[in-house]
Each structure stands twice: as C-alpha cells, then as structure tokens.
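One letter stands for each residue in the lines below.
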Amino acid sequence: MHGSPPTMLMARAIEAFPAEQEMLVARLTVELMRPVGRTPLEVRCRVVRPGRKVQLVEASLWNGDQEAARATALRIRKAAVDVPQSPDPLPHPGPDSLPLWSGSWRTGGVYHLLGVEVRGPDGQA
C-alpha cells in the first residue's frame, strides 16, 4: 500500500486529538518505517509538547507490537487577529503597474516558462 492511507489515518487522529483551544495543524511530518499492508492496525496519539498557543502532537500506527509509521504535527492556536489598516499610501506602486516582461526565453509550452509572470520597469526583469 502507498503512504497516503496511513498518513490520512494518522492526520485524522491528530486533528481529532482534544485540545483546550481550537487548534490548526500547521505542519505534518510523516515517517513510514515499515511496509503497511492490509492488516488490522492501531493508531496511538499523544502530546509531545503541550501548550496553549503551540503544540506538538504525535500519532503512531502500530501493527501488533511493531510501529509501522509515525506522524508529528505542529498545531497552532486559531484566533481572530485585528490587522490595522495603514492610512498612508504605499511608498511605491504595486506590481500590477509594471509591464510584463516578454524576453526571448519565453518560448515553448512548458509550465516553468508559461506559469510564471515576470514584471519589471520598462518591461525588463
């Protein structure tokens, strides 16, 4: 079996693991240590680093007494943040005011050439 089903199983356990505040998984690191076949598995979840704002939560996938996979998640507190609006205008115009650069390297139908927009003063980048 590929790594997606075990990863999703551990990610779901981490998201469901209780917290005092509403938390959001900001980073998930997965280690696949042994093959995970189509056998009965057990998920174990624990807090590695407790905290009110930041937590480290770990989930392990066990096949009997052998650990097959481990996921470590960084959870951060969800909270509304007021961002003040600056009354001052921007010190320079935004990128949309610059002309698109159409250099000779923009030939061919590949993403790294067509999927990137390059802008610069006077059409130079």
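Residues numbered from 1 in each chain as written. Predicted model: local features only at pLDDT ≥ 70, side-chain atom pairs only at ≥ 80, totals over all residues. Heavy atoms only, no water.

**Description of the environment of E20**
Put simply, the rule is: Secondary structure is summarised from DSSP: a helix means a run of H or I of at least four residues, a strand means a run of E of at least two, and numbering begins at the N terminus for each. Note on exposure labels: buried denotes an accessible area under 20% of the residue type's maximum, exposed denotes more than 50%, and partly exposed covers the range between, all computed with a 1.4 Å probe on protein chains only.
Secondary-structure assignment places E20 in the loop between α1 (4–16) and β1 (23–32). By relative accessible area, E20 is classed as exposed at 77%. Separated by 32 residues in sequence, E20 and R52 place their C-alpha atoms 7.4 Å apart.

**Remarks on the nonpolar core**
The criterion, for reference: Note on terminology: a nonpolar core comprises buried Ala, Val, Leu, Ile, Met, Phe, Trp, Tyr and Cys residues joined through side-chain atoms within 4.5 Å. Whether two residues touch is decided by their heavy atoms; if any such pair falls within 4.5 Å, the residues are in contact.
Formed by M10, I14, V36, V57, A59, L61, A68, A69, A71 and A73, the largest nonpolar core amounts to ten residues. Contributions of two or more residues to this core are made by α1, β3 (54–63) and β4 (66–77). Among the elements that line this core, the one with the most residues is β4, at four residues. Those residues in contact with V57, other than ones at most four positions away along the chain, are I14, F17, C45, R46, V47, V48, A71, T72, A73 and R75.

**Comments concerning α1**
What counts, and what does not: To estimate the expected span of a helix, count its residues, drop one, and scale the result by 1.5 Å. To obtain the arc, one takes the directions from the helix axis to the C-beta atoms.
Its 13 residues place the ends of α1 18 Å apart at the C-alpha level, agreeing with the 18 Å of an ideal helix rising 1.5 Å per residue. All of the buried residues in α1 are P6, M10, A11, A13 and I14. Buried residues in α1, looked at end-on, bunch into an arc of 160°, giving them a common side. Turned more than 90 degrees away from the buried face of α1 sit M8, R12, E15 and A16, all of them exposed.

**Topic: the sheet that holds strand β2 (residues 42–49)**
Which entries qualify depends on this criterion: Pairs of strands are assigned from DSSP output, requiring at least two bridges between the strands. Fitting a line to C-alpha atoms yields each axis, with helices limited to the stretch in contact; the angle taken between N-to-C directions then spans 0 to 180 degrees.
In space, the four strands of this open sheet follow the order β1-β4-β3-β2, with antiparallel pairing throughout. The sheet terminates laterally at β1 and β2, the two strands that pair on one side only. The mean angle between the axes of side-by-side strands here comes to 20°, regardless of whether they run parallel or antiparallel. One ladder, built from seven bridges, connects β2 with β3; its direction is antiparallel. Each residue of the ladder has a partner; that of R44, found in β3, is S60.

**Observations regarding the environment of Q66**
Residue position: Q66 is located in strand β4. Spatially, the C-alpha atoms of Q66 and M33 are 9.7 Å apart, while their sequence positions differ by 33 residues. Non-local contacts of Q66, meaning those with residues more than four positions away in its chain, are made with R34 and L61.

Taken by themselves, the reported measurements are silent on function.
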